[in-house]
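Listed here are the chains, written in short residue letters.
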Amino acid sequence: MQAPPDGVRRNGAGPLQSVGRALRVLEAIANSPGGLTAKQIAAELDLALPTTYHLLHALIDAGHVVHLSDQHVYGLGYMARYLGQALTKQLAVPPGVATAIRAVHQLADAAAYYAVYRDTEVVIAHVEDSERRPRAQPLDVGFHQAAHATAFGKIMLSAMDPDRLARYLDTAGLDALTPATIRDRGALDDQLAHVRQSNLALEIGEFQPGMSCMAVPVHDPAGSIVASVAISLPTNEFLTRRWEVEHAVRQGATRVTRALAVFQRR
């Protein structure tokens with residue numbers, strides 16, 4: 001049997017495993033607004049404390065983590081901000097699309113979102129909101145989870161062929177975010193069939209309690225769905241203004257479709 005490359009052991013405890021562990025440490029710190037102690041990280045990730053310190057020192061050296069000595073915790077380093085800015089640049093939309101989403105925000109008087117496919121993921125590429133109409137948390141540029149529980153995600157899932165949809169859901173799962181989240185595969189399939197028929201997706205408190213979302217598809221010149229336009233509002237107001245909001249969202253998707261066609265012709 002051929003020996004593994006230098007430094008990579010068959011039990012998986014080599015550099016690749018260390019990279020995976022370091023990323024898990026980084027994610028744990030990112031998910032804790034107040035930072036975490038080394039002991040908390042070790043307990044949460046089931047790591048030995050010496051291993052945790054080794055990973056933290058490597059992340060500190062790379063600028064991804066800082067040690068806040070006065071609070072005795074580890075927080076995100078300033079390279080994390082750079083990575084966030086770099087992702088935003090990679091997902092940047094054409095000016096015409098940004099203008100159209102801004103118009104949806106203003107006409108619907110709601111936070112507005114634009115989601116696209118990025119390889120095998122459904123990801124938010126643009127958000128327009130305000131202090132009066134803040135985005136639903138944690139929906140921001142780069143968000144790519146819980147497609148089954150968001151209206152823009154359901155639009156994108158509805159456009160997948162059965163095999164691709166099955167692979168996506170097998171990987172992503174159907175986590176329950178609220179009591180209203182659809183977790184049954186058959187029920188989700190039925191809803192996606194309705195989305196295809198109506199060119200409209202709704203979610204009422206499935207992603208976040210007290211918040212609801214609506215989305216419509218964006219098509220390319222060949223008629224394929226390539227993106228979705230969505231809004232979010234507090235549920236009580238959403239139900240009261242449903243038809244007014246739908247008009248604004250559908251109009252916005254038409255504008256985005258036109259903007260993409262113009263951009264692609266350049």
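Remember, predicted model here, so these are calculated numbers, not experimental data. (Residues numbered from 1 in each chain as written. Predicted model: local features only at pLDDT ≥ 70, side-chain atom pairs only at ≥ 80, totals over all residues. Heavy atoms only, no water.)

> What am I meant to see in the pattern of salt bridges here?
Pairing between side chains of opposite charge can happen when their charged atoms approach one another. Inspection of the entire model under this criterion finds 12 salt bridges. For Asp109, the salt bridge identified is with Arg132, shortest N-O distance 2.6 Å. Here Asp109, found in the loop between helix H5 (95-108) and strand S3 (111-118), pairs with Arg132, found in the loop between strand S4 (121-128) and helix H6 (151-158); they are 23 residues apart in sequence, far enough to count as distant. The partner of Glu237 in a salt bridge is Arg241, with the nearest N and O atoms 3.1 Å apart. (Salt bridge = Lys/Arg side-chain N within 4 Å of Asp/Glu carboxyl O. Helix = DSSP H or I, 4+ residues; strand = E, 2+ residues; numbered from the N terminus.)

> Hey, could you run me through helix H7 (residues 162-172) in this one?
Because the α-helix completes a turn every 3.6 residues, residues three or four places apart line up on one side. Residues Leu165, Tyr168 and Leu169 constitute the buried set of H7. The buried residues of H7 occupy an angular sector of 90 degrees when the element is viewed end-on, so they sit on one face. Across from the buried face of H7, at angles greater than 90 degrees, the exposed residues are Asp163, Arg167, Asp170 and Thr171. In this structure, the buried side of H7 is in contact with S4, H6 and helix H8 (185-198). You can read the cap of H7 off the contacts: a side-chain oxygen lies 3.1 Å from the backbone nitrogen of Asp163, and it is on Asp161. (Buried < 20%, exposed > 50% of the residue type's maximum accessible area, 1.4 Å probe, protein only. Arc of directions from axis to C-beta. Contact = heavy atoms within 4.5 Å. Polar contact = N/O pair within 3.5 Å; in protein donor to acceptor, adjacent residues only side chain to side chain.)

> Hey, could you run me through empty space enclosed by the protein in this one?
Rolled over the atoms, a probe with the dimensions of a water molecule shows which regions are left empty. Evaluated as defined, the whole model comprises one cavity of 30 Å³ or more. Its volume calculated, the largest cavity comes out at about 60 Å³. Every residue lining the largest cavity is listed: Ala136, Leu139, Thr150, Ala151, Phe152, Glu203, Phe207, Gln208, Met211, Ser212, Cys213 and Ser232. Counting residues per element, the ones that place at least two in the lining of the largest cavity are H6 and strand S6 (211-219). No other element matches S6, which puts three residues into the lining of the largest cavity. Per-class residue counts for the lining of the largest cavity are seven nonpolar, four polar and one charged. (1 Å grid on protein atoms, 1.4 Å probe; cavity = no way out; pocket = protein on both sides within 12 Å on 5 of 7 lines; lining within 4 Å. Points joined across faces, edges and corners; volume = space filled by probe spheres on them. Nonpolar A, V, L, I, M, F, W, Y, C, P; charged D, E, K, R; others polar.)

> Looking at this structure, how should I read the sheet that holds S6?
Two orientations exist for strands paired in a sheet by backbone hydrogen bonds: parallel and antiparallel. Read across the open sheet, the five strands follow the order S4-S3-S7-S6-S5; overall the sheet is antiparallel. Of all strands in the sheet, those with a lone pairing partner are S4 and strand S5 (201-204), marking the two edges. Averaged over all pairs of adjacent strands, the angle between their axes in this sheet comes to 25 degrees, without regard to strand direction. Across seven bridges, S3 lies against S4 in antiparallel orientation. Residue pairing for S4: Ala115 is matched across the bridge by Ile124. (Pairing = 2+ DSSP bridges. Axes fitted to C-alpha atoms, helices over the stretch in contact; angles between N-to-C directions.)

> What's the story with the packing of H6 against H8 in this structure? I'm lost.
Two packed helices can be described by the angle between their axes and the distance between those axes. Where H6 contacts H8, the two axes come as close as 9 Å, and the packing angle between them is 85 degrees. Between H6 and H8, the interaxial angle falls into the category roughly perpendicular. When H6 is examined against H8, the residues Lys154, Ile155, Leu157 and Ser158 are found in contact with a partner set consisting of Gln191, Leu192, Val195 and Arg196. Here the residues of the contact of H6 with H8 are counted per class, giving four nonpolar, two polar and two charged. (Parallel < 35°, antiparallel > 145°, perpendicular 65-115°, else oblique.)

> How should the nonpolar core be read in this particular structure?
Proteins that are soluble and globular tend to have nonpolar side chains buried together. One finds Tyr113, Ile124, Leu139, Phe152, Leu157, Tyr168 and Leu169 to be the most contacted residues of the largest nonpolar core, which totals 32 residues. Breaking this core down by element, the ones donating at least two residues are S3, S4, H6, H7, H8 and S6. If we ignore the near neighbours within four places in the chain, the residues touching Leu157 are Ala147, His148, Leu165, Tyr168, Leu169 and Leu192. In terms of nonpolar packing, the next biggest core, distinct from the first, is built from 29 residues, Val93, Ala98, Val216 and Val245 among them. (Core = buried A, V, L, I, M, F, W, Y, C linked by side-chain atoms within 4.5 Å.)

> Explanation requested: the environment of Tyr168 in the structure shown.
Along the chain, the position of Tyr168 falls in helix H7. Sequence separation of Tyr168 and Thr120 is 48 residues, and the distance between their C-alpha atoms is 7.4 Å. Apart from the residues within four sequence positions on either side, Tyr168 is in contact with Thr120, Glu121, Val122, His144, Ala147, Leu157, Met160 and Gly173.

> Hey, could you run me through the pairing of S3 in this one?
Looking along a regular strand, one sees the side chains alternate between the two faces of the sheet. Here S3 lies mainly inside the structure; six of its eight residues are buried. Pairing analysis gives six bridges linking S3 to strand S7 (residues 225-234), with the strands arranged antiparallel. Along S7, the bridge assignment pairs Tyr113 with Ala230. Connecting S3 to the antiparallel partner S4 that follows it, the hairpin turn spans two residues, and Asp119 within it adopts a positive phi of roughly 60 degrees.

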